[in-house]
Amino acid sequence: MAVSGLIFIGFLLIHMYGNLKVFAGHDAFNEYAHHLRTFGEPMLPYGGLLWIIRVTLIAALVAHVSSAVMLTIRAGKARTTKYAVKKNLASSLSSRTMRWGGLALFIFVIWHLIHFTIGKVNPTGGATNDPYQLVVDSFGLWWMVLIYLAALVAVGLHLHHGTWSAMQTLGLTGSPRARSRAKAAGLVIAVLIAGGFALVPLSVLFGIVA
Ligand code: HEM
């Protein structure tokens, strides 16, 4: 779970950073999208790098979901009698929403792929083969921005607890000092990734990127 989670964090950091190319303008963003496909040629075929990334992400997803299912079954077996009274004393919102939040993210990613990669659906009916235009047209619509911001809240919550949890699994929370460092890492990763992604739709909505 921890290793596949770290693969996702790495992907999200790179994806978020790449998206910031919209601030460099139409040509720079589209050039970047094109470069992603020609990277490594002729050693790699056209789109080769993207396929390496996709296969890695799919393998990580299989590992992540099957670990989540196994952990849920194990947790169920560990307590067969229900609590008479359940009181939240120490858990955080992010730790309590890992399962449902993870499922919501899965549904969001399917929608996101249909929107930008597989389907290239332009909700305004405009150009679909121009990645920059697709981004600008999509986030000119307030409800589209709302969908993405809601997903980014889910991303932030999931990463906040997930980063801490991965560090715990990897033995990096052995002392009070290490624990507060792991908590800080969770917060920094969550804010950096969710905040960095949110800059793009918000900048389009408020006319900074057009
Ligand atoms: C405002 C937020 C986001 C924007 C504007 C955005 C934009 C894009 C665009 C334009 C592509 C197509 C790239 C290309 O084909 O050249 C893409 C692909 C993708 N995005 Fe996002 N994205 C955002 C957030 C996310 C989040 C939060 C996740 C995961 C939780 C994610 C996961 C993916 C995946 C898995 C792909 C497919 C990569 C591929 O195999 O082609 N994205 N995104």
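These numbers come from a predicted model, not from an experiment.

Summarising the element assignment, Met 1 is placed in the segment before helix H1 (2-19). In this structure, the C-alpha to C-alpha distance between Met 1 and Leu 172, residues 171 residues apart in sequence, is 15 Å. In this structure Met 1 touches His 64, Ser 67, Ala 68 and Leu 71, once residues within four positions along its chain are discounted.

Moving on: the site of the ligand. Near the ligand lie 19 residues; those nearest to it are His 15, Asn 19, Arg 37, Arg 54 and His 112. His 15 is positioned with one of its side-chain polar atoms (N or O) 2.9 Å from a nitrogen atom of the ligand. A distance of 2.5 Å separates an oxygen atom of the ligand from a polar atom in the side chain of Arg 54. Elements that contribute at least two residues to the shell around the ligand include exactly H1, helix H2 (26-38), helix H5 (98-116), helix H7 (142-169) and helix H8 (176-205). For the shell around the ligand, the element with the most residues is H5, which contributes five residues.

Before going further, it helps to spend a moment on the coordination of the iron atom of the ligand. Octahedral metals with six donors have ideal donor angles of 90 or 180 degrees. Tetrahedral metals with four donors have an ideal donor angle of 109.5 degrees. At this site the iron atom of the ligand is bound by His 15 (NE2) and His 112 (NE2), with donor distances of 1.9 to 2.0 Å. Geometry at the iron atom of the ligand is octahedral, judged from the six donor atoms that bind it and their angles of 87 to 180° at the metal. Of this pair, His 15 sits in helix H1 while His 112 sits in helix H5, and the two are 97 residues apart along the sequence. According to the relative accessible area criterion, His 15 is partly exposed, its value standing at 24%.

Next up on the list: the environment of Ala 90. Within the fold, Ala 90 resides in the loop between helix H3 (48-78) and helix H4 (93-96). C-alpha of Ala 90 to C-alpha of Met 70: the two residues are 20 residues apart in sequence and 24 Å apart in space.

Taking 1.5 Å per residue as the helical rise, H2 with its 13 residues ought to reach 18 Å, and the 19 Å between its terminal C-alpha atoms agrees with that figure. Among all positions of H2, only Phe 29, Asn 30 and Ala 33 are buried. For H2, the angular spread of buried residues about the axis comes to 95°, placing them on one side. Note on H2: the residue one or two positions beyond its end, Gly 40, has a positive phi of about 85°.

The next point concerns the environment of Ser 203. Mapped onto the elements, Ser 203 comes out in helix H8. For Ser 203, a relative accessible area of 7% corresponds to the buried category. Discounting residues that sit within four places of it in the chain, Ser 203 has contacts with Phe 23, Ile 208 and Val 209.

Before going further, it helps to spend a moment on helix H6 (residues 131-138). Where burial is concerned, most of H6 is hidden: six out of the eight residues are buried. Among the residues of H6, those classed as buried are Tyr 132, Leu 134, Val 135, Val 136, Asp 137 and Ser 138. Elements that come into contact with the buried residues of H6 comprise H2, H5, H7 and H8.

Each value, and the rule that gives it
Within each chain, residues carry numbers counting from 1 in the order of the written sequence. At least 70 in pLDDT is required for a residue's local features to be given in this predicted model, at least 80 for side-chain atom pairs to be given and counted, and no such filter applies to totals for whole chains, interfaces and linings, which use all residues. Only heavy atoms go into the side-chain values, all of them from the structure, while hydrogens and water stay out. Numbering of helices and strands starts at the N terminus; helices are DSSP runs of H or I of at least 4 residues and strands are runs of E of at least 2. Note on definitions: a residue-residue contact is assigned when non-hydrogen atoms from the two residues lie within 4.5 Å. Residues are labelled near a given molecule or strand when at least one of their non-hydrogen atoms is within 4 Å of it. We call two N or O atoms a polar contact when they sit within 3.5 Å, provided that within protein one can donate a hydrogen and the other can accept it, with sequence-adjacent residues counted only if both atoms are side-chain atoms. Here a donor is any nitrogen, oxygen or sulfur atom (N, O, S) within 2.8 Å of the metal, with 3.2 Å used for Na, K and Ca; water is not among the atoms considered, so some sites may look incomplete. Square planar and octahedral sites, with four and six donors, are those where opposite donors lie more than 155 degrees apart and all other angles lie between 65 and 115, tetrahedral sites have four donors with every angle between 85 and 135 degrees, and the rest are irregular. Type-normalised accessible area, obtained with a 1.4 Å probe on protein chains alone, sets the label of each residue: buried when under 20%, exposed when over 50%, and partly exposed for intermediate values. In this scheme, a helix's expected span is set at 1.5 Å multiplied by one less than its residue total. The directions from the helix axis to the C-beta atoms are what the arc is built from.

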